[in-house]
Amino acid sequence: MLHCRLCLQPKEKLRASHVLPDFLVKMGEEEENINGVSLSHSKAHIYSNNPQQPFQVFQRGSWEKENGIKEHLLCDNCERKFSTWETYVVETLYGRVKKKTKRDLGKSILPQINYLGHQALKECNFLDLRKIEVDYKKFKLFQLSLLWRAGISNGIFGIAVKLGKYHEEALRQLLLNDTPGEWWRYHCTLADIRTPGNLFDGAFATFVRRRSNGITLYELLAGGYRWVFEVASHFNSDSFCCLSENGILTIIIADGHEKSRFLLKSIPSLRRQ
């Protein structure tokens, strides 16, 4: 008998759950004609932490399981719970269209605030700060689900995420009970990476772990955004760009030109676009 990793209930079978939501995987796909015939196969670009082979291109299908993008984690009921949050975030960031592209969201708030000296802005080539209104509960639970899924997965995609028993269980309880928690708990800084041709919209990376001012950070590049999660057991007053409990989401607009040049050198197919 299997057990769902979220509700912990015994189940005869579990869903092949996406550790990285499927809509983010599909954004990294392109169609490839095979031997000049009309057949086409979906491919996706993945950036890994392996310095010997930082970029790889995989055909749609078994590669998701091989690389830890899909695992048997959740029962049907818990899978539907996650799907509700994912649908909301998709429509918020990318709109209700089949071909997902980033929406140009919000208005600049730079003239209204003193942004100098904030760590989140020092770590990226920021161009602007935007503010939008979202459903705090749905958006935050989606963010928490990204971090928790990576933390409990066994594949290479989330191998850098080491939550430990305390944080893993704390996140599970929040997700199970549809409780997003306080804004500072596992908060996520969101940066919209701007590049020529929106190259980063079509690539995603395995999680990266790093430390900053004694706090553990986990960084994910997916869907044209840089998601940086803070894992700490205490309140961090230096937190700046994040989602507040009143539904105000601050988004960093960041210049990704330097990284895009590396992308173009590493993935030949992108140079043709």
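The preceding data block contains the structure.
Please read all numbers here as calculations on a predicted model, not as lab measurements. (Residues numbered from 1 in each chain as written. Predicted model: local features only at pLDDT ≥ 70, side-chain atom pairs only at ≥ 80, totals over all residues. Heavy atoms only, no water.)

Participant: Looking at this model, I keep getting lost on the packing of helix α3 (residues 76-93) against helix α5 (residues 136-152). Mind explaining?
Facilitator: Axis angle and axis distance: for two packed helices, these are the angle between their axes and the distance between the axes, and together they describe the pair. Where α3 contacts α5, the axes come no closer than 9 Å and their chain directions differ by 115°. As the angle between them shows, α3 and α5 are arranged roughly perpendicular. Of the two elements, α3 crosses α5, and the hand of that crossing is left-handed. In this structure, α3 contributes F82, W85, E86, Y88, V89, T92 and L93 to the contact, and α5 contributes K138, F139, L141, F142, S145, W148 and R149. In terms of residue class, the contact of α3 with α5 is made up of nine nonpolar, two polar and three charged. (Axes fitted to C-alpha atoms, helices over the stretch in contact; angles between N-to-C directions. Helix = DSSP H or I, 4+ residues; strand = E, 2+ residues; numbered from the N terminus. Parallel < 35°, antiparallel > 145°, perpendicular 65-115°, else oblique. Left-handed = near helix turned anticlockwise from the far one by under 90°. Contact = heavy atoms within 4.5 Å. Nonpolar A, V, L, I, M, F, W, Y, C, P; charged D, E, K, R; others polar.)

Participant: I tried to follow α5 on my own but got confused; where do I start?
Facilitator: Compared with an ideal rise of 1.5 Å per residue, which puts 17 residues at 24 Å, α5 spans 24 Å between its outermost C-alpha atoms and is within 8% of the ideal. Within α5, 15 of the 17 residues are buried, which leaves it mostly tucked inside the rest of the structure. Put simply, D135 is the residue that caps the front of α5, since its side-chain oxygen is 3.1 Å from the backbone nitrogen of K137. (Expected span 1.5 Å × (residues − 1). Buried < 20%, exposed > 50% of the residue type's maximum accessible area, 1.4 Å probe, protein only. Polar contact = N/O pair within 3.5 Å; in protein donor to acceptor, adjacent residues only side chain to side chain.)

Participant: How should the packing of aromatic side chains be read in this particular structure?
Facilitator: When we look at a pair of aromatic rings, we describe it by the centre distance and by the angle of the planes. For the coordinates displayed, the defined rule picks out eight aromatic pairs. Aromatic rings pair up to connect F23, Y94, F142, Y225 and W227 into one cluster. Over the ring of Y225 we find K102; its NZ or CZ atom is 5.5 Å from the centre of that ring. (Phe/Tyr/Trp six-rings, centres within 6.5 Å; stacked < 30°, edge-to-face > 60°. Lys NZ or Arg CZ within 6 Å of the ring centre and 35° of its normal.)

Participant: Honestly, the packing of α5 against helix α6 (residues 164-176) in this entry has me stumped. Any pointers?
Facilitator: α6 packs onto α5 with a crossing angle of 140° between their chain directions and a minimal axis gap of 10 Å. Compared by their axis directions, α5 and α6 come out oblique. In the packing of α5 onto α6, the handedness of the crossing is left-handed. Each of L141, L144, S145, L147, W148, G151 and I152 in α5 lies in contact with α6, whose residues at this interface are E168, L171, R172, L174 and L175. Taken together, the residues of the contact of α5 with α6 sort by class into eight nonpolar, two polar and two charged.

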